[in-house]
Amino acid sequence: MTVRVAINGYGTIGKRVADAVQAQEDMTVVGVTKTRPTFEARLALEKGFDLFVAIRDNIPKFEASGLRVCGDLDALLGKCDVVIDCTPGKMGAQNLDLYKLAGVKSIFQGGEKHDLTGRSFNSLSNYGDNLGADHVRVVSCNTTGLTRTLYPLHRDIGIDKVYATMIRRGVDPNDDKKGPMNSIIPVLKVPSHHGPDVKTVIPGLDIDTTAVAVPTTLMHLHSVVVKLRKNASTEEVLDIWDRTPRVRFVSGEDGITSTSKIMEMARDMQTSRSDLMDIAVWKDGVHVIEGTLYYYQAIHQESDVVPENIDCIRAMFELTRNNMESILKTNMALMI
Ligand code: NAD
C-alpha cells in the first residue's frame, strides 16, 4: 500500500515533513497547501509538489502571480488518505472538523493540545497505542526531546522524579516578526506545559518542568535532573542512550561547546537544510551523583519531530506493527 499524504500548512514543519514523506517507499505526497503565493509556494512547485490554496478566496492571487494551482483544501482532501496539519498552533480544532467531514485521517503538531485528538504520539514510547488510529497529535519538539532520552531510562532503570529546565530559542531562524531581542523571558507557571505534555506519551512519569525563552534562534537546550529508581552508573546511562535511536552524543572535548557548534556540525554533515533530527546529548555533561542523573541536551526545534510524523503515519495505517521496524525504515530513508 502507498499512503497518499496531504500537507496542510507548508511552513517550517510542513515543508520538512513533505520532503521526508517523499523519501519513503510506502507513502507519497499528493499535494501541499499555501495561503499566499510566496517563494515557498514557488519552490514547492519546483520540487514537483501539487499546490493547493488553503484559503479559497486567494486562488486569484496565485493565478495572478503565475503559479499553477490544483484547487483548494477541499480538493486536496478528496485526494488523500491522511492530512498532516502543519498550520500554526491552535488552528487544529476548526481543521479537525474539516478532516472528519472529508473522511480522512489526520496528524496534528505540538502546537495543538492533547485533548484535540485524545492521542499523542512518540515513536519510541507509544507507537503501538496508535496502531490504526484516525486522528493523532505528534508531540512538540521539546516533548519529543525529553521523551527520546527519558523513556529508555524509565523503561530500563526506572525513574522516581524528573526536574527539567527548558532554555528555549526565542524564535525560529526565519522569523522576522517576533523577539525576544534583549530579554530572557521566564514562564511563570510551574510546571510549564512541557512536563504535563511528556506525560501524554510516558504515562506515570513524575516530571516537573520550568522554561525560559532566550534571544537565540538555533536550538533549545534542556538541563535535566533525574532521580533514578535504581542506582546506575554514568556508563550504564550512556550505554542505554548509545542503543537508543535518534539520540546522538556530542562532546565538549571534541570542540562542541555550544548550540552554535552543533549547528556548525550539522552544516558540515551537509544534512538537508542543515537539520539535525537527532537529539544531541553532551556525553561529557552526563553525570550520575548518588543516584541522581544530570545531563544537558540540545533540540533542533525545526526538525526533530519530522521522523516522528513519518512513524505516526505508519502506525495509523499499520504499515508496520513494530515501532523499531518503522524507526529503522524512516532513519534509513532520511539518513539519520
Ligand atoms: P510556520 O508558521 O512556520 O508554518 C505554518 C504554515 O501554515 C505557514 O506556511 C502559514 O502560511 C500556513 N498557514 C497559515 N494559516 C493557514 C491556514 N488557514 N491553512 C493552511 N495553512 C496555513 O509554523 P511551524 O513552525 O511550521 O509550526 C506548525 C506546527 O508545528 C505548530 O503546531 C507548531 O507548534 C508545531 N511545531 C513547531 C516547531 C518549531 O519550532 N517551528 C517545532 C515542533 C512543532
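Before reading on, note that the structure itself is shown above.
J.: Give me the nonpolar core: which residues, what numbers.
T.: Within soluble globular proteins, side chains that are nonpolar tend to cluster in buried spots. Counting 44 residues, the largest nonpolar core has Val5, Ile7, Val32 and Ile313 as its most contacted members. Per-element accounting of this core gives the leading share, six residues, to helix α11 (residues 306-316). Two domains share this core, each providing at least three of its residues, namely domain 1 (3-139 + 305-334) and domain 2 (141-299). Residue contacts for Ile313: discarding those within four places in its chain leaves Val3, Val5, Val21, Met27, Ile84 and Ile107. By size, the runner-up hydrophobic cluster in this structure holds 32 residues, among which are Val162, Ile207, Ile240 and Tyr295.

J.: So what's going on with the packing of aromatic side chains? Residues and values would help.
T.: All told, the structure shown has four aromatic pairs when counted by the stated rule. An angle of 55° between the planes, with centres 6.1 Å apart, marks the rings of Phe121 and Tyr127 as tilted. Here Phe121 matches Tyr127 in class, with each residue buried. Here the guanidinium or amino end of Lys105 rests over the ring plane of Phe317, the centre of that ring lying 5.0 Å away.

J.: How would you summarise the packing of α11 against helix α12 (residues 323-334) if you had to cite specific residues and measurements?
T.: Look at α11 against α12: their axes get within 9 Å of each other, and the N-to-C directions meet at 135°. With respect to each other, α11 and α12 are oriented oblique. Here α11 runs over α12; the crossing is right-handed. From α11, Pro307, Ile310, Asp311 and Arg314 reach across to α12, where they touch Ser326, Ile327, Lys329, Thr330 and Leu334.

J.: Tell me about the environment of Leu45, and name the residues and values.
T.: Its place among the elements puts Leu45 in helix α2 (residues 39-46). In contact with Leu45, not counting residues within four places along its chain, are Leu51, Leu67 and Arg68.

The rules we used
- Residues numbered from 1 in each chain as written.
- Predicted model: local features only at pLDDT ≥ 70, side-chain atom pairs only at ≥ 80, totals over all residues.
- Heavy atoms only, no water.
- Core = buried A, V, L, I, M, F, W, Y, C linked by side-chain atoms within 4.5 Å.
- Buried < 20%, exposed > 50% of the residue type's maximum accessible area, 1.4 Å probe, protein only.
- Helix = DSSP H or I, 4+ residues; strand = E, 2+ residues; numbered from the N terminus.
- Domains from an automatic or database assignment.
- Contact = heavy atoms within 4.5 Å.
- Phe/Tyr/Trp six-rings, centres within 6.5 Å; stacked < 30°, edge-to-face > 60°.
- Lys NZ or Arg CZ within 6 Å of the ring centre and 35° of its normal.
- Axes fitted to C-alpha atoms, helices over the stretch in contact; angles between N-to-C directions.
- Parallel < 35°, antiparallel > 145°, perpendicular 65-115°, else oblique.
- Left-handed = near helix turned anticlockwise from the far one by under 90°.

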